[in-house]
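In case you want the letters, here they are:
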Amino acid sequence: MFISTSMDILYILLLIAGGYCILLFFDFFFKSCAHYPYLHLLDGLGLKISYFSINWKTKALNRLIIKWGNTKPLFWRTWFDIGIISSLLFFPITLYLLVVNILDLFLSSSTTAQPLITPIIPGVNLPVSEVGYYGITLLICTVVHEFGHAFAATLEDVGVLEFGCNIYFIIPVAYVSLNSENLPAIKLRQQLRIFTAGIWHNIVLACVVYLLYCSLPSIFSTFFEYGNGVSVSKIMPHSPLRDPSKGLSEGDVITAINNCDIRDENDWYNCLSNTIILIPAVCIQSDFVHTRDESVPLKHLGAGFVECCDPKNTKNLCFEFIDTENNELALPGHVCLPGRITMEHSIVFCTESPHSCSSDMYCFKPILPNNTYLLKMISKTKNVIYIGHPTDLFQTIEISSYISKTNIFSIQLPNIVTKLVKYIVIISLGLAFLNIQPVKSMDGQYILSALGLLIFKNKFSNRQIIQTSNVITWITTILLTTYLIYSFILML
């Protein structure tokens, strides 16, 4: 169900596109040759086939919603009243975030400014291998959202016409159709219960699932360790680190990168990011330098690079002495040392600036080509020395915060569950954030009108309030659309 490589995803998408073409062909064929029986079948199933989309609708759930909505009506009214308050408190938070992000994005002088709130786009900022997670969680979150509207509408005697689901290529989105003719007849507070119900249910879902996310280490504790490093769950075939003897193997447990300790997945990514920001160097004892140095006459290669090792000896690396303030022993500015032995011998790391080593050690920085770093990954069974870019680890290695205690369950079990719950929290809050905004076709548009009529009905006419709400809605729609488009452009 969850594809691991971009090429596999591409094949799957092509197969789905081909499947849609075949489906459209047969749909056109049966509508032409077996018109009435085929249309009767589609109507009975509630299906409608369009270009790269499928619509399904049903009225089978209407009775169940009516039954649940009429059970304990006092509880449900209190529940949705809390939803009104929570949604209205949530709105200024989201508005602040939106305004701050818009101002930061358009007024920032930095060309590398990245927005905090961004659209999720498969293949751009969403790994194509995780489209399956995205689709499943989007369906769950929209179902919860729409069921909230349905419950509230049933409670306020606004009829539910049907439930449905649209699949746009591979992205499923649930929806509910209400009897809009009955909405104007009920009180404004009742309307607010209906309009805010979906947002409220998304907030509750995100909070409940976040508590579940925090409890996962305890839930899986019988079979998996957590907080003692990260385990390598998958290595891509083309990964430069795929080497059973000198590189990484699936199942290896990594506890540190250079001097950055790793307890879980977040530490892994933070440590890799820090190696890019702070250029790593190593603390070396003077005796080691004197006994292992194989320097040749210094050769300047241009662009600030120098070579102090014999090019024929590929095992050696040129190191630059950067601890010049602490040079009582008059160590040379550049030394040629065996790269792997030096890294294995060094247990203390320093950085180019600032740097600090103990009194009997000195800071040396490896001289490497552009975008190349020297990394020492410490595992429970071996140390892996890697010369390359940290993005190789980002892109070609999958890691897990969980370490297997037994062979009963695969390490993929907690990985899949963790990703699902993380996506549910993110998508559910994202839907709540988007729907609370006074944007066309979103819940916020109707919430703004109902709230305006409720608060200002004695000061202004209904027409003035509705017109003002429409102006605000259009302004917000234009701003949000522009912001999302500009954010998308920055991601490309």
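The structure contained in this document is the topic of the report that follows. (Residues numbered from 1 in each chain as written. Predicted model: local features only at pLDDT ≥ 70, side-chain atom pairs only at ≥ 80, totals over all residues. Heavy atoms only, no water.)

**A word on the overall build of the chain**
Phase 1: The helix and strand inventory of the chain stands at 13 helices and 17 strands.
Phase 2: Counting all 492 residues of the chain, 41% fall into the buried class.
Phase 3: Taking the contacts inside the chain whose residues are at least 6 apart along the sequence as the reference set, 70% of them involve residues at least 24 apart.
Phase 4: Counting every atom, the chain has about 26900 Å² of accessible surface; 63% of that belongs to carbon and sulfur. (Helix = DSSP H or I, 4+ residues; strand = E, 2+ residues; numbered from the N terminus. Buried < 20%, exposed > 50% of the residue type's maximum accessible area, 1.4 Å probe, protein only. Contact = heavy atoms within 4.5 Å. Areas by Shrake-Rupley, 256 points an atom, 1.4 Å probe, with all protein chains shown as cover.)

**A word on the layout of surface pockets**
Phase 1: When its volume is computed, the second largest pocket comes out at roughly 620 Å³.
Phase 2: Lining the second largest pocket are 23 residues, and of these His145, Glu146, His149, Ser441 and Asp443 sit closest to its centre.
Phase 3: At the level of secondary structure, the elements contributing two or more residues to the lining of the second largest pocket comprise α5 (131-155), β3 (160-168), β4 (171-178), α6 (188-219), α11 (412-436) and α12 (443-456).
Phase 4: The element that contributes the greatest number of residues to the lining of the second largest pocket is β4, accounting for 6 residues.
Phase 5: Residue composition of the lining of the second largest pocket, by class: 13 nonpolar, 8 polar and 2 charged. (1 Å grid on protein atoms, 1.4 Å probe; cavity = no way out; pocket = protein on both sides within 12 Å on 5 of 7 lines; lining within 4 Å. Points joined across faces, edges and corners; volume = space filled by probe spheres on them. Nonpolar A, V, L, I, M, F, W, Y, C, P; charged D, E, K, R; others polar.)

**Focus: the sheet that holds strand β1 (residues 47-50)**
Strand pairing in a sheet relies on backbone hydrogen bonds. The paired strands run either parallel or antiparallel.
Phase 1: Taken together, the 4 strands give an open sheet; going across it, the order is β1-β2-β3-β4, and neighbouring strands pair in antiparallel fashion. Of all the strands in the sheet, just β1 and β4 have a single pairing partner and so form its edges. Neighbour-to-neighbour, the strand axes of this sheet turn through a mean angle of 15°, independent of strand direction.
Phase 2: Where β3 and β4 come together, 8 bridges link them in antiparallel fashion. By the bridge assignment for β4, glutamate 162 is matched with serine 177.
Phase 3: Across the sheet, helix α3 (residues 62-69) is in contact with β2 (53-58) and β3; its angle to β3 comes to roughly 120°. (Pairing = 2+ DSSP bridges. Axes fitted to C-alpha atoms, helices over the stretch in contact; angles between N-to-C directions.)

**Things to note about the pairing of strand β6 (residues 253-257)**
Phase 1: For β6, the buried fraction is high: 4 of the 5 residues fall into the buried class.
Phase 2: Here strand β5 (residues 224-235) pairs with β6 via 2 bridges, running antiparallel. The residue of β6 that forms the bridge with valine 230 is isoleucine 254.
Phase 3: Note: β6 against strand β15 (residues 373-379), 3 bridges, orientation antiparallel. Note that in β15 the partner of isoleucine 257 across the bridge is methionine 377.
Phase 4: Sheet topology note: the β6/strand β7 (residues 260-261) ladder contains 2 bridges and is antiparallel. Across the sheet, isoleucine 257 pairs through a bridge with cysteine 260, a residue of β7.

**What to know about the pattern of salt bridges**
Phase 1: One pass over the structure, following the stated rule, counts 6 salt bridges.
Phase 2: Where arginine 193 meets aspartate 81, a salt bridge forms, and the shortest distance between an N and an O atom there is 2.8 Å. One end of the pair, arginine 193, is in helix α6; the other, aspartate 81, is in helix α4 (residues 73-107), and 112 residues separate them in sequence.
Phase 3: With a relative accessible area of 9%, arginine 193 lands in the buried category.
Phase 4: Overall, the relative accessible area of 16% leaves aspartate 81 in the buried class. (Salt bridge = Lys/Arg side-chain N within 4 Å of Asp/Glu carboxyl O.)

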